[in-house]
Amino acid sequence: MTGTLAALPRQDAAAGTRELVEQVARLVEIDGALLERMQAEALGAPLGVVAYGDYQSGGWWTVSLLNHSGDPMDTVIGDGQARPTSLLAQMPATAEFLDGLGLDLMYVRLARLGPNSFLWPHRDYAELSDTPRHRLHVPLLTNSSATLVTHGTRVHMAAGAMWRLTPTVEHGVCNATGPDRLHLIADVYADDAYHRLASNPCLLDDDVAPLPELSGADRAALLGKADALADLGYTDAAEQTLLRTYFGVALPEGGAYDLIAELHERRGNTAAAERWRANRDRLLARTADAR
Amino acid sequence: MTATTLAQPSPLDQIAAANRPVQLTVLDSLITALTQGGAVTHLLVRGSLATGTADRLSDVDLVIGVRDGRLAELMAHLDDLMAVQFGVLLPGWRDTIVGPLGGAGYVYLVPHADRLLQLDLYLCPASGIERLRGRVDARVLWQNPDAAITAPADRDASAETLARFADTPASCGQLLVQALVLHAMLRKRIHRGQAFIAYELLHLMHTTIRDLARTALVPHSRHHGWYHLPDEVGRTDTGRNALAQLTAALSDAPLPNADQADRVLNLALDVAGQVAPQAVAELADRIAAYRLYQQRENEAA
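Residues numbered from 1 in each chain as written. Chains lettered and ligands numbered in written order. Predicted model: local features only at pLDDT ≥ 70, side-chain atom pairs only at ≥ 80, totals over all residues.

Regarding the overall build of chain A
Turning to step 1, where the next piece is worked out: The helix and strand inventory of chain A stands at eight helices and 13 strands.
Turning to step 2, where the next piece is worked out: A compact globule built from 291 residues should have a C-alpha radius of gyration of about 19 Å, and chain A, at 20 Å, falls within 12% of that.
Turning to step 3, where the next piece is worked out: Taking the principal axes of its C-alpha atoms as reference, chain A extends roughly 60 × 45 × 40 Å.
Turning to step 4, where the next piece is worked out: Put simply, of all contacts in chain A between residues at least 6 apart along the chain, 72% involve residues at least 24 apart. (Helix = DSSP H or I, 4+ residues; strand = E, 2+ residues; numbered from the N terminus. Rg over C-alpha atoms; globule rule 2.2 N^0.38 Å. Contact = placed C-beta atoms within 7 Å.)

Written as structure tokens, this is what we have:
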């Protein structure tokens, strides 16, 4: 543990929380002065590019700090040894922080999520090899409406800590009201240094809020609202209304996409329903066997 | 084969594009979003954007012509549409400041580039658009070429919808939204040094606090305005406390500064917390976000 990172107090998590901790957890605290320097550097960085458009509502901007080409605007994730981009050379505090972690870094980026922006439910790493890896988040700028949802639970990644996300399970991210959420995200290979860093994962009570179940009446009302928007000609708004339910209620895996397919089926648009089922399978990286 | 070369924008044009007012970006998005549906017949811009006097704090004033037969449907789902397409911070405030122009006004606050932009939407039945254009300066941005002549039955339906809208009293939740939107408007007018408008908005915030207490504590009151408040609202400790706080606020300066505007908002939220805690709880996340944006604006100032 370096001087800028501090171990978290050990927590005795309940059984449900233990399962969630496997998916997302605080790992270590980060020194406030260092965090502020990294914030200042990140706020001065360019927005980057809107990549992975199918996975988001728009408003998710990424710019690379460590990748394979050294070009900060190259945001393609891939296996192998990463090298600093020209942007990281202008961010000494961030470079020093990353170097001090002593981790085998695969890809590091800044990710900005604007107000009213969403990353739809998805799984990551499907296109990569089976090498064990993890995703680390350092929230630089956030607000209470910026949350990650997984396992029917809303998690707010608060600033001041480094977090670990296991993105191979369905998850989605939102920044409902803003202002901007800005995270430093590092994909790292699992090695001894990582295991030392991640030896005490935990969640605090305020980090987590279980989402309510969707009742039959609420489901009917929700579909009715989406149907009314579609009747008015706002099909895109109708679909987004249903996608956003993922962030407000506990749904089974793929449930938000299934709601959209159901809406289109009801309206007699079988082709659109099929398209959304295909979207679901692609974003959730479902193989033919798993469907 | 002849190669064609596109003219490059001049350096001055590039600078103009880089400095494009945020209001135009939002207006552009509104046109794209609203014209997708078949219910909208006209889009007209009003106010400073139409007259070329906009500044960075200016709101976006848009008149939306709607097929008479679909007005009720669009009014019922406007909040849903605006929430999804524009991420509005709060449900629309039923605008009581805009003059009677034959339709229904809503004010939204839209997060944009770390601040809140005010968006004034005025829904007007298509049958009333020409009359509205005769009464206000408005420039047509878009018109549906298929906008048909309105059938009498549809005209009756839109009139009935608007009458119902005008007659429906505001709920505590809507009054809470009103307090927040008025506060945003008041801060802008204070910043611009517009004393008369600030005076009116401060008064409206006071009446909002009064209406919150009355709506929550005496929902079937037969009185209006400032009459019979001690007799009705003052029947309970909670009501007496709210009236005492309001009386103290009324004793403050009639031309407010930003600190006073913030104090009145705090009072509105405090009174709402006492008389209508459920309404406050339902908007808690939104109120927190509103305060965060105000904090950012204070820091930027």
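Read on, since the account is not over.
Details of the nonpolar core
Residue and element names in this part refer to chain B.
Turning to step 1, where the next piece is worked out: Counting residues in hydrophobic clusters, the biggest one holds 156 residues, and the most contacted among them are Ile64, Leu123, Val181, Leu212, Ala268 and Ala272.
Turning to step 2, where the next piece is worked out: The leading source of residues in this core is helix H7 (residues 172-192), at 12 residues.
Turning to step 3, where the next piece is worked out: Sequence-distant contacts of Leu212, defined by excluding residues within four places in its chain, comprise Cys172, Leu175, Ala268, Val271, Ala272, Val275 and Ala276. (Core = buried A, V, L, I, M, F, W, Y, C linked by C-beta atoms within 7 Å. Buried ≥ 20, exposed ≤ 12 C-beta atoms within 10 Å, placed from the backbone.)

Section: the environment of A:Val188
Residue and element names in this part refer to chain A.
Turning to step 1, where the next piece is worked out: Structurally, the position occupied by Val188 is in strand S12 (residues 181-189).
Turning to step 2, where the next piece is worked out: Take Val188: there are 24 C-beta atoms within 10 Å of it, and that puts it in the buried class.
Turning to step 3, where the next piece is worked out: Expressed as a C-alpha distance, the spacing of Val188 and Leu242, which sit 54 residues apart in the sequence, is 34 Å.
Turning to step 4, where the next piece is worked out: With residues up to four places along the chain from it excluded, the contact list for Val188 reads Leu103, Asp104, Leu105, Met106, Arg133, His134, Leu136 and Tyr194.

Quick word on the packing of helix H5 (residues 216-231) of chain A against helix H4 (residues 71-86) of chain B
Turning to step 1, where the next piece is worked out: The geometry of H5(A) relative to H4(B) is characterised by a closest axis approach of 10 Å and an angle of 110° between their N-to-C directions. As the angle between them shows, H5(A) and H4(B) are arranged roughly perpendicular. Here the hand of the crossing between H5(A) and H4(B) comes out left-handed. Residues A:Lys225, A:Ala228 and A:Leu229 of H5(A) form the contact with H4(B), whose own contacting residues are B:Glu73, B:His77, B:Asp80 and B:Leu81.
Turning to step 2, where the next piece is worked out: For the contact of H5(A) with H4(B), the class distribution of residues is three nonpolar, one polar and three charged. (Axes fitted to C-alpha atoms, helices over the stretch in contact; angles between N-to-C directions. Parallel < 35°, antiparallel > 145°, perpendicular 65-115°, else oblique. Left-handed = near helix turned anticlockwise from the far one by under 90°. Nonpolar A, V, L, I, M, F, W, Y, C, P; charged D, E, K, R; others polar.)

Examining the domain arrangement of chain A
All names here are of chain A.
Turning to step 1, where the next piece is worked out: The domains assigned to chain A are domain 1 (5-210) and domain 2 (216-290).
Turning to step 2, where the next piece is worked out: Computed from C-alpha atoms alone, the centre-to-centre distance between domain 1 and domain 2 is 28 Å.
Turning to step 3, where the next piece is worked out: Within the residue set of the side of domain 1 that touches domain 2, elements represented by two or more residues are strand S6 (117-122), strand S8 (146-150) and strand S11 (171-175).
Turning to step 4, where the next piece is worked out: At four residues, S6 tops the list of elements feeding residues into the side of domain 1 that touches domain 2.
Turning to step 5, where the next piece is worked out: In terms of residue class, the side of domain 1 that touches domain 2 is made up of seven nonpolar, five polar and two charged. (Domains from an automatic or database assignment.)

Describing the interface of chain A and chain B
How large an interface is tends to be reported as the accessible area lost when its parts come together.
Turning to step 1, where the next piece is worked out: The interface of chain A with chain B comprises 18 residues on the first partner and 23 residues on the second.
Turning to step 2, where the next piece is worked out: A class-by-class count of the residues in the side of chain A that touches chain B yields seven nonpolar, nine polar and two charged.

As for the environment of A:Thr131
Residues and elements named next belong to chain A.
Turning to step 1, where the next piece is worked out: Tracing the backbone through its elements, the reader meets Thr131 in the loop between S6 and strand S7 (133-141).
Turning to step 2, where the next piece is worked out: A C-alpha to C-alpha distance of 22 Å links Thr131 and Asp74, two positions 57 residues apart in sequence.
Turning to step 3, where the next piece is worked out: Excluding residues that lie within four positions of it along the chain, Thr131 makes contacts with Asp79 and Tyr189.

A word on the pairing of strand S5 (residues 105-113) of chain A
Residues and elements named next belong to chain A.
Turning to step 1, where the next piece is worked out: Summarising burial for S5: nine of the nine residues are buried, a large majority.
Turning to step 2, where the next piece is worked out: In the sheet, strand S3 (residues 60-67) pairs with S5 via six bridges, with the strands oriented antiparallel. By the bridge assignment for S5, Thr62 is matched with Ala111.
Turning to step 3, where the next piece is worked out: Relative to S12, S5 runs antiparallel, the two sharing eight bridges. Residue pairing across strands places Arg109 opposite Ile185, the latter belonging to S12. (Pairing = 2+ DSSP bridges.)

Examining the sheet that holds strand S1 (residues 5-7) of chain A
All names here are of chain A.
Turning to step 1, where the next piece is worked out: Taking strand neighbours across the sheet as the criterion, the eight strands line up as S1-S2-S10-S7-S12-S5-S3-S4 in an open arrangement whose pairing is antiparallel. Of all strands in the sheet, those bounded by a partner on one side alone are S1 and strand S4 (83-84).
Turning to step 2, where the next piece is worked out: In this sheet, S12 lies alongside S7 in antiparallel orientation, the contact comprising eight bridges. Following the sheet pairing, Val138 is matched in S12 by Leu184.
Turning to step 3, where the next piece is worked out: Here helix H2 (residues 32-43) sits on the sheet and contacts strand S2 (24-30), S5, S7 and S12; the angle it forms with S7, its principal contact strand, is near 85°.

Topic: the domain arrangement of chain B
All names here are of chain B.
Turning to step 1, where the next piece is worked out: Its domain assignment divides chain B into domain 1 (20-167) and domain 2 (172-300).
Turning to step 2, where the next piece is worked out: The centre of domain 1, based on its C-alpha atoms, is set 26 Å off from the matching centre of domain 2.
Turning to step 3, where the next piece is worked out: Taken together, the contact pairs 13 residues of domain 1 with 16 residues of domain 2.
Turning to step 4, where the next piece is worked out: Counting residues per element, the ones that place at least two in the side of domain 1 that touches domain 2 are strand S3 (93-94), strand S4 (104-112) and strand S5 (115-125).
Turning to step 5, where the next piece is worked out: Partitioned by chemical class, the residues of the side of domain 1 that touches domain 2 number nine nonpolar, one polar and three charged.

Details of the confidence of the model for chain B
Residue and element names in this part refer to chain B.
Turning to step 1, where the next piece is worked out: Summing up the model confidence of chain B, the mean pLDDT is 92 and the portion of residues at 70 or higher is 97%.
Turning to step 2, where the next piece is worked out: Ranking the elements of chain B by mean pLDDT puts helix H1 (residues 11-18) last, at 79, and helix H8 (residues 195-217) first, at 98.
Turning to step 3, where the next piece is worked out: Taken as a whole, residues 1-5 scores under 50 in pLDDT and shows zero contacts with residues more than four places along the chain or in a different chain.
Turning to step 4, where the next piece is worked out: Per the prediction output, this complex has pTM 0.91; the corresponding ipTM is 0.89. (pLDDT = per-residue confidence, 0-100.)

A short note on the environment of A:Arg164
All names here are of chain A.
Turning to step 1, where the next piece is worked out: Examined against the element boundaries, Arg164 turns out to sit in strand S10 (residues 161-165).
Turning to step 2, where the next piece is worked out: Given 21 C-beta atoms within 10 Å, Arg164 falls into the buried group.
Turning to step 3, where the next piece is worked out: Residues Arg164 and Val21 lie 143 residues apart in sequence; the distance between their C-alpha atoms is 9.0 Å.
Turning to step 4, where the next piece is worked out: Residue contacts for Arg164: discarding those within four places in its chain leaves Val24, Ala25, Leu27, His134, Arg135, Leu136, Ala198 and Pro201.

Concerning the sheet that holds S4(B)
Residues and elements named next belong to chain B.
Turning to step 1, where the next piece is worked out: With respect to topology, six strands assemble into an open sheet ordered S3-S4-S5-S2-S1-S6, the strand pairing being mixed. Two strands bound the open sheet, and with one partner strand each, they are S3 and strand S6 (138-143).
Turning to step 2, where the next piece is worked out: As judged from the two bridges shared by S3 and S4, these two strands associate in the antiparallel manner. Its bridge partner lying in S4, Arg94 is registered against Tyr106.
Turning to step 3, where the next piece is worked out: Against the sheet, helix H2 (residues 22-34) contacts strand S1 (40-46), strand S2 (60-66), S4, S5 and S6, and its axis sits at roughly 15° relative to S2.

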